[in-house]
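Structural characterization, general
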Amino acid sequence: MVYPSISPGQRLTADLLTSMLPLAAVKTAATDRASITSTSPDPDLQLSLEASAVYLLRGLIIVSGPVAADLRCLVAGPAGSSGTWGMVAPGVASTTDPDQVRTRAFSLGSVSAYGLSTTSAYAWPLWAYISTVSAGTASFDWSQQTSSATAVSVAAGSHLLAHRIA
C-alpha cells in the first residue's frame, strides 16, 4: 500500500509532500502521576489525525515507578475510530521477573496494565493500527494501576510516530 498515490504529471505541492511525512510527538520533560488510577491522555504524547485515514503508530514509552503502583494505559483514537494496539512490557503478574513480557493485542481504547519491577526506568515499545472516521486526536493515556503516593513517571524521550498508509 502506498500513500499518497502520486499520478504521473501530478504537481508536487507543499501539502502533498507534507502528507508523506510521519507525525511525531516527543516528551521533552517527564510527567509524574501519583495516587491516580483513572487514565488520562499524556500531555505530550498526542497526535492530530485526519478523517477517513489509516495510520500505523509506533512509539517508545520510558516509564519508572514503584513496584506496587504498576502502569495502567491505553491508546485512544478519534471518536468513531477503530483498530488495535499493544506494548511489549511485563504483565502485572510478572513484576518479579521483568524479562517475562507480554505482547497481547488490545482493541483501540481498551485498558491494559503492565508491571513495574523496580524504580529503574524501562523503555517499552508500543504499536497501534488506527482507522479513523472523523478527524481528531490519538493519544497515549495512562495512570497508576494501583494507587500509590509515590509517582509513576513517563520520561522525556518517550515518543509516538504515526505514518499514514491510506
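Data block above holds the structure.
A brief report on the enclosed structure follows.

Cut-offs used in this document
- Residues numbered from 1 in each chain as written.
- Predicted model: local features only at pLDDT ≥ 70, side-chain atom pairs only at ≥ 80, totals over all residues.
- Heavy atoms only, no water.
- Helix = DSSP H or I, 4+ residues; strand = E, 2+ residues; numbered from the N terminus.
- Rg over C-alpha atoms; globule rule 2.2 N^0.38 Å.
- Buried < 20%, exposed > 50% of the residue type's maximum accessible area, 1.4 Å probe, protein only.
- Areas by Shrake-Rupley, 256 points an atom, 1.4 Å probe, with all protein chains shown as cover.
- Lys, Arg positive; Asp, Glu negative; His and termini not counted.
- Charge placed at Lys NZ, Arg CZ, Asp CG, Glu CD.
- Phe/Tyr/Trp six-rings, centres within 6.5 Å; stacked < 30°, edge-to-face > 60°.
- Lys NZ or Arg CZ within 6 Å of the ring centre and 35° of its normal.
- Core = buried A, V, L, I, M, F, W, Y, C linked by side-chain atoms within 4.5 Å.
- Contact = heavy atoms within 4.5 Å.
- Salt bridge = Lys/Arg side-chain N within 4 Å of Asp/Glu carboxyl O.
- Patch = residues over 30% accessible without salt bridge, like charges linked within 9 Å, V, L, I, M, F, W, Y side chains within 5 Å.

A count of helical and extended segments in the protein gives one helix and 14 strands. Taken over the C-alpha trace, the protein has a radius of gyration of 17 Å; the compact-globule value for 166 residues is 15 Å, and the two agree within 12%. Seen along its three principal axes, the alpha-carbon backbone of the protein occupies a region of about 60 × 30 × 25 Å. Sorting the 166 residues of the protein into buried and exposed places 40% on the buried side. Total accessible area computed for the protein in this model is approximately 8000 Å², and 55% of it derives from carbon and sulfur atoms. Separation between the mean location of the 8 positive side-chain charges and that of the 9 negative ones in the protein comes to 7 Å.

A separate point is the packing of aromatic side chains. Inspection of every chain in the model, using the stated rule, returns three aromatic pairs. With a centroid separation of 6.1 Å and an interplanar angle of 25°, the aromatic rings of Tyr122 and Trp124 are classed as stacked. Taken together, Tyr114, Tyr122 and Trp124 form an aromatic cluster joined through their ring pairs. Against the face of Trp142 rests Arg33, its NZ or CZ located 4.4 Å from the ring centre.

What follows covers the nonpolar core. Core analysis: the biggest nonpolar cluster contains 34 residues, and Leu71, Trp85, Met87, Trp124, Leu126 and Phe140 have the highest contact counts within it. Each residue touching Phe140, except ones within four places of it in the same chain, is listed here: Ser40, Pro41, Asp42, Leu45, Ile61, Leu71, Cys73, Leu74, Leu126, Val154 and Leu160.

This next bit is on the pattern of salt bridges. Summed over the entire model, instances satisfying the criterion amount to three salt bridges. Here Lys27 and Asp44 are joined by a salt bridge, their closest N and O atoms 2.7 Å apart. Of this pair, Lys27 sits in the loop between strand S1 (23-26) and strand S2 (31-33) while Asp44 sits in strand S3 (residues 40-49); the two residues are 17 residues apart in sequence, bridging distant segments of the chain. For Lys27, a relative accessible area of 2% puts it in the buried group. If you follow the salt bridges from partner to partner, you end up with Lys27, Asp42 and Asp44 in one network.

Right, let's get into a nonpolar patch on the surface. A contiguous nonpolar surface patch, about 360 Å² in accessible area, is contributed by Ile6, Leu12, Leu17 and Met20. With respect to the helices, strands and loops of the structure, Leu17 is situated in helix H1 (residues 14-19). Under the relative-accessibility criterion, Leu17 is labelled partly exposed at 43%.

This brings us to unusual backbone geometry. With a phi angle near 50°, Ser52 is a residue other than glycine that sits in the positive phi range. Inspection of the secondary structure puts Ser52 in the loop between S3 and strand S4 (54-64). Residue classification places Ser52 among the exposed positions, given a relative accessible area of 57%. Of note, the phi angle at Asp70 is positive, near 60°, even though the residue is not glycine.

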